[in-house]
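Here is what each chain is made of, one letter per residue.
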Amino acid sequence: LEILKPVDLVGDEVKWLDTRFVPWEEIWRKTKDYRRLAQAIKDMEIRGAPAIGVAAAFGMALAALHYPGNDLEGLMEELRKAKEVLSKTRPTAVNLFWALDRVMKKAEEVAKEKGSADEVRNAVVEEAKAIQREDIEMNMKMGKIGAKLIESGDTILTHCNTGSLATAGYGTALGVIRAAWEEGKEIKVIATETRPVDQGARLTVWELKRDGIPVKLISDTMVGYAMSSGLVDKVFLGADRILLSGHFANKIGTYQIAILAKHHNVPFYTVAPTSTIDPKTTLDQLIIEQRNPDEVRTCPYPYQKVYVTVPDVEVLNPAFDVTPPELVTAIVTEKGIAYPPYWVSLRKMLGLD
Ligand code: MRU
């Protein structure tokens with residue numbers, strides 16, 4: 001299977017696939033301006049926790065590459081400004097902040113050591129590229145680790161999009177599904193449409209069809225039916241932020257799937273790189289992004305605004321919900337599989353003890 005990279009640094013430009021237009025059209029965009037890239041993250045041209053982390057890191061690279069001066073202080077100021085702008089795009093996925101901190105830290109280290117603007121510039125670009133490369137490597141590793149949990153004949157339910165389009169490439173939960181398929185396991189996938197933005201219907205189905213992995217689409221309202229009818233063997237989905245308690249934020253609708261899985265004794269796994277684990281934030285500090293109400297009032301068709309309701313109705317549009325640890329069978333990362341109690345296993349995984 002060929003790995004699609006939805007966002008990439010090519011020369012002094014960032015190019016990305018505008019996922020709002022998938023599956024209708026493959027529109028690739030490019031920019032030299034980190035502000036334009038920040039807008040692309042905000043508007044969900046690029047989306048998915050690891051993908052927005054990689055995009056933010058490339059935004060820092062753009063700021064470094066296109067800062068016109070050669071003075072170190074000016075460059076560092078430009079990087080701080082870019083970090084600020086990029087961090088204000090989406091609040092919930094921790095990968096974005098993790099990537100920005102990692103690149104900024106590298107810039108500060110090199111500035112202290114060597115002190116030349118060009119050295120800092122190169123270091124920022126190299127660090128951003130390393131984040132992209134390592135994300136793909138982590139996904140491949142998680143794929144192999146997670147595939148052990150899948151048996152030939154399994155039907156796996158997944159939610160939202162956790163594939164190449166949500167990461168630097170290959171995918172997290174979809175990476176596990178891909179790896180199991182590549183190992184020759186005969187599996188089937190049930191994909192939820194994932195309203196309001198339909199990442200499941202538009203992106204997951206598109207990716208699985210490209211790979212030839214059997215997929216059936218259901219609306220979000222059919223999960224209970226599918227599980228009570230014995231159609232689902234396992235659930236694999238992603239995460240936007242995992243807390244040390246084991247609570248995790250993921251695409252809206254994840255929580256109801258977890259409840260149903262528990263009720264029907266269906267194993268429920270979340271798959272994410274350790275860059276998605278946030279050792280600092282507690283449950284009461286977690287910010288759930290609230291998005292534009294029109295996402296709910298209309299269907300996600302980028303060519304034309306079609307209202308599916310009375311246009312001025314009040315709506316609720318949280319982009320994520322939180323699933324508590326008691327509903328999670330295990331958490332798959334590139335470092336292995338964490339089992340409950342998560343406040344012990346996740347700390348151990350991050351080497352915090
Ligand atoms: O709002 P999105 O599309 O950025 O949300 C994406 C998800 O919730 C994914 O399931 C999550 O980022 C895991 S992606 C590997």
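Residues numbered from 1 in each chain as written. Predicted model: local features only at pLDDT ≥ 70, side-chain atom pairs only at ≥ 80, totals over all residues. Heavy atoms only, no water.

## Observations concerning the side chain of E289
Next, step 1: Inspection of the secondary structure assignment puts E289 in the loop between β11 (277-278) and α10 (294-297).
Next, step 2: A polar side-chain atom of E289 sits 2.9 Å from a polar atom in the side chain of R90. (Helix = DSSP H or I, 4+ residues; strand = E, 2+ residues; numbered from the N terminus. Polar contact = N/O pair within 3.5 Å; in protein donor to acceptor, adjacent residues only side chain to side chain.)

## Remarks on the layout of surface pockets
Next, step 1: Its volume calculated, the largest pocket comes out at about 590 Å³.
Next, step 2: Lining the largest pocket are 22 residues, and of these R20, D43, V197, E295 and P300 sit closest to its centre.
Next, step 3: Where the lining of the largest pocket is concerned, the elements lending two or more residues are α7 (199-211) and α10.
Next, step 4: Looking at side-chain class alone, the lining of the largest pocket contains 8 nonpolar, 5 polar and 9 charged residues.
Next, step 5: Volume-wise, the second largest pocket comes out at about 280 Å³.
Next, step 6: In terms of lining residues, the second largest pocket is bounded by 13 residues, among which F97, W98, D101, P279 and K280 are the most central.
Next, step 7: Where the lining of the second largest pocket is concerned, the elements lending two or more residues are α4 (94-113) and β11.
Next, step 8: In terms of residue count, the dominant contributor to the lining of the second largest pocket is α4 (6 residues).
Next, step 9: Looking at the lining of the second largest pocket, its residues break down into 5 nonpolar, 2 polar and 6 charged. (1 Å grid on protein atoms, 1.4 Å probe; cavity = no way out; pocket = protein on both sides within 12 Å on 5 of 7 lines; lining within 4 Å. Points joined across faces, edges and corners; volume = space filled by probe spheres on them. Nonpolar A, V, L, I, M, F, W, Y, C, P; charged D, E, K, R; others polar.)

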